[in-house]
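# Summary of the model geometry
Residues per chain are reported as follows:
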Amino acid sequence: MKRRKFLKNSSLTTVGIVSASTLTACNTENKTEENVVAPKQPIKPIVVCTWNFGNATSKAWEVLSAGGTALDAVEQGVRVEEADETNETVGKGGRPDRDGNVTLDACIMDKDGNCGSVVYLQNIVHPVSVARKVMEETPHILLAGKGAEKFAYEQGFEKEDLLTESTRQQYQEWLKTSKYETTINIENHDTIGMLAIDENGDISGACTTSGMAYKVAGRVGDSPIIGAGLFVDNEVGGATATGVGEEVIRTVGSFLIVELMRQGKSPQEACEEGVKRIMKKNEGREDFQIGFLAINKNGETGGYCVHPGFTYREYSEKGHENRQVSSFYS
C-alpha cells in the first residue's frame, strides 16, 4: 500500500486534524530568519560524496545537469558503487560478515524530510533503491533483515549472490585466524554517502554500505540510521558520515552537523566540531577513522576526519575534483 493511500485511509479524528494543523501553524510562525540559512546567491546544482568515487558523482551530475531532482541524482549516483564489484565495501562484492554473508545497509532522504532505510539486507544488489521504495511505498521508514528482503522481491528486485570470487577467497583466508577487529584501514575506501542540490535549490541525500568486513552477524552501523549516517534539512543543508559507525551513532553525528549549520557554522566548521565531539568522548584513542561531509543551502561544502586520508568528491559547474580534508590527527 502506498504511503499516501495508507495515510488517507487511516482513521483520524477531527480533533486530531485540527491539533496537527494548529501545531504546524505555530511551528511556522515561530521560525525566525536566524534559524534558516538564507541563500547568498542563486543556487547552482552540485553533488558531493564521501571518498574518491568519481564515477558515482559523474552519474549524479548527469541527472542534475539534465534538470533531474536531487533525490534521483543521489540514488542513481550511489547505485554505481553498489553495482561495482571491485568496490568491496558497498553492494555486490562487499566483504561478508563473520558467518560469510554479505549484508547491506542503506538509507535515502528527500527535501521534505521523507526517508527510507534498510538494514541487514541480503541478496539484493541495490539496497538504496529498496530504501527509496520503503520511503515511497510504505508508511514505514526502516525495514530489516528477511522482512526487507521479502519486501524487495515484492517490489520486483531480483535475488543475486553478492559474494564475488575475490571476496569469497578473502573470507576463506580470514577464517584461518578469524581475527575480529573494529578498526578500519584509514586509507581504504569505505561507505559512500552522497548529498546533492538540484536546480530548484532542493537537497537530498543517500548512504549505502556493506559495513565492516567480518563483523558480528547482525551488526548494523550508522549508515542506514537517519540522523547518524545521513541527515537532510532542506532549509539548512545536509551531512553524511563514513568510518566506524558506532562512534557516529553515539553523537547522532549527521544531525549534529546540520544543527550546527543551522546555528550559523559553515559546513567546514560544523564537520570539525562533529569530529571533536567524538574525540572528546574517546580521548587518546587513535585506532579508528571517522569522516564527515556536509553541504549547506548555499552550496558551500566541507569535510573533516580523525586521521589523514579521507577525501570527498565534488561535481558542479566549476568542475569535478577530489578534495583532501584536514584531520584531527595530522
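One can find the structure itself at the top, above this paragraph.
About the thresholds
Residues numbered from 1 in each chain as written. Predicted model: local features only at pLDDT ≥ 70, side-chain atom pairs only at ≥ 80, totals over all residues. Heavy atoms only, no water. Core = buried A, V, L, I, M, F, W, Y, C linked by side-chain atoms within 4.5 Å. Buried < 20%, exposed > 50% of the residue type's maximum accessible area, 1.4 Å probe, protein only. Axes fitted to C-alpha atoms, helices over the stretch in contact; angles between N-to-C directions. Helix = DSSP H or I, 4+ residues; strand = E, 2+ residues; numbered from the N terminus. Parallel < 35°, antiparallel > 145°, perpendicular 65-115°, else oblique. Left-handed = near helix turned anticlockwise from the far one by under 90°. Contact = heavy atoms within 4.5 Å. Nonpolar A, V, L, I, M, F, W, Y, C, P; charged D, E, K, R; others polar. Pairing = 2+ DSSP bridges. Arc of directions from axis to C-beta. Phe/Tyr/Trp six-rings, centres within 6.5 Å; stacked < 30°, edge-to-face > 60°.

### Points about the nonpolar core
Counting 78 residues, the largest nonpolar core has Met194 and Phe292 as the members making the most contacts within it. Counting residues in each nonpolar core, the second largest holds 5 residues, with Val102, Leu104, Val125 and Leu162 among its members.

### A few points about the packing of helix H3 (residues 54-65) against helix H4 (residues 70-83)
The interhelical angle for the contact between H3 and H4, taken along N-to-C directions, is 155 degrees, at an axis separation of 7 Å. Judged by the angle between their axes, H3 and H4 are roughly antiparallel. Taken as a pair, H3 and H4 cross one another with a handedness that is right-handed. Where H3 approaches H4, its residues Asn55, Ala56, Lys59, Ala60, Val63 and Leu64 are matched on the opposing element by Ala70, Asp72, Ala73, Gln76, Gly77, Val80 and Glu81. When its residues are assigned to classes, the contact of H3 with H4 shows 7 nonpolar, 3 polar and 3 charged.

### Description of the sheet that holds strand E12 (residues 319-324)
With respect to topology, 8 strands assemble into an open sheet ordered E4-E3-E2-E6-E5-E1-E11-E12, the strand pairing being mixed. The open sheet has two edge strands, strand E4 (142-144) and E12, and neither has a second partner. Geometrically, the sheet is characterised by an average inter-axis angle of 10 degrees between neighbouring strands, direction not taken into account. Sheet topology places strand E1 (residues 46-50) next to strand E11 (residues 311-316); 5 bridges connect them, and they run antiparallel. In the sheet register, Thr50 faces E11, and the bridge partner there is Tyr312. Against the sheet, H4 contacts strand E2 (104-109), strand E5 (192-197) and strand E6 (203-209), and its axis sits at roughly 155 degrees relative to E5. Packed on one face of the sheet, helix H6 (residues 145-154) meets strand E3 (115-121) and E4 and runs near 105 degrees to E4.

### Some words on the pairing of strand E7 (residues 230-233)
Covered by surrounding structure in E7 are Leu230 and Val232 together with Phe231 and Asp233, the residues of both alternating faces. Here E7 hands over to strand E8 (residues 237-243) after 3 residues, the two strands then running antiparallel side by side.

### Quick word on the side chain of Ser204
In this structure, Ser204 sits in strand E6. Setting aside residues no more than four positions away along its own chain, Ser204 makes contact with Ala70, Leu71, Val74, Met109, Asp110, Lys111, Met194, Leu195, Ala196 and Val232.

### Concerning the environment of Val275
Along the chain, Val275 turns up in helix H10 (residues 267-280). Taking the C-alpha atoms as reference, Val275 lies 9.9 Å from Gln289; in sequence the two are 14 residues apart. Leave out the neighbours within four places in its chain, and Val275 touches Phe292, Tyr304, Cys305, Val306 and Phe328.

### Things to note about H6
Listed in full, the buried residues belonging to H6 are Gly145, Ala148, Glu149, Phe151 and Ala152. Mapping the buried residues of H6 onto a view down its axis gives an arc of 160 degrees, with all of them on the same face. Facing away from the buried surface of H6 by more than 90 degrees, the exposed residues are Lys146, Lys150 and Glu154. In this structure, the buried side of H6 is in contact with E3, helix H5 (127-137) and E4. In the stretch just after H6, Gly156 is the one whose phi turns positive, near 100 degrees.

### Thoughts on the environment of Ser223
Along the polypeptide, Ser223 turns up in the loop between E6 and E7. Judged by relative accessible area, Ser223 falls into the buried class, the value being 3%. Taking the C-alpha atoms as reference, Ser223 lies 9.9 Å from Val118; in sequence the two are 105 residues apart. Residue contacts for Ser223: discarding those within four places in its chain leaves Cys107, Thr191, Cys207, Thr209 and Gly229.

### Topic: the packing of aromatic side chains
Scanning the model with the defined rule gives 7 aromatic pairs in all. Look at Trp61 and Tyr315: their rings are 5.0 Å apart centre to centre, the planes differ by 10 degrees, and that puts the pair in the stacked class. With Trp61 in helix H3 and Tyr315 in strand E11, this pair connects stretches of sequence that are 254 residues apart. Accessibility classification places Trp61 together with Tyr315 in one group, the buried group.

### A look at the sheet that holds strand E9 (residues 290-296)
Strand pairs in the sheet, formed through backbone hydrogen bonds, run parallel or antiparallel to each other. One open sheet accounts for 4 strands, arranged E7-E8-E9-E10; its pairing is antiparallel. Taken across any chain shown, the strands that pair with only one partner, and hence form the sheet edges, are E7 and strand E10 (301-305). On average, adjacent strands in this sheet sit at an angle of 10 degrees to one another, irrespective of strand direction. The pairing of E9 with E10 spans 5 bridges and is classified as antiparallel. Residue pairing for E10: Gly291 is matched across the bridge by Cys305. Along the sheet, helix H9 (residues 253-262) contacts E7, E8 and E9; its crossing angle with E8, the most-contacted strand, is approximately 145 degrees. Relative to the sheet, H10 contacts E9 and E10, its axis offset from that of E10 by approximately 20 degrees.

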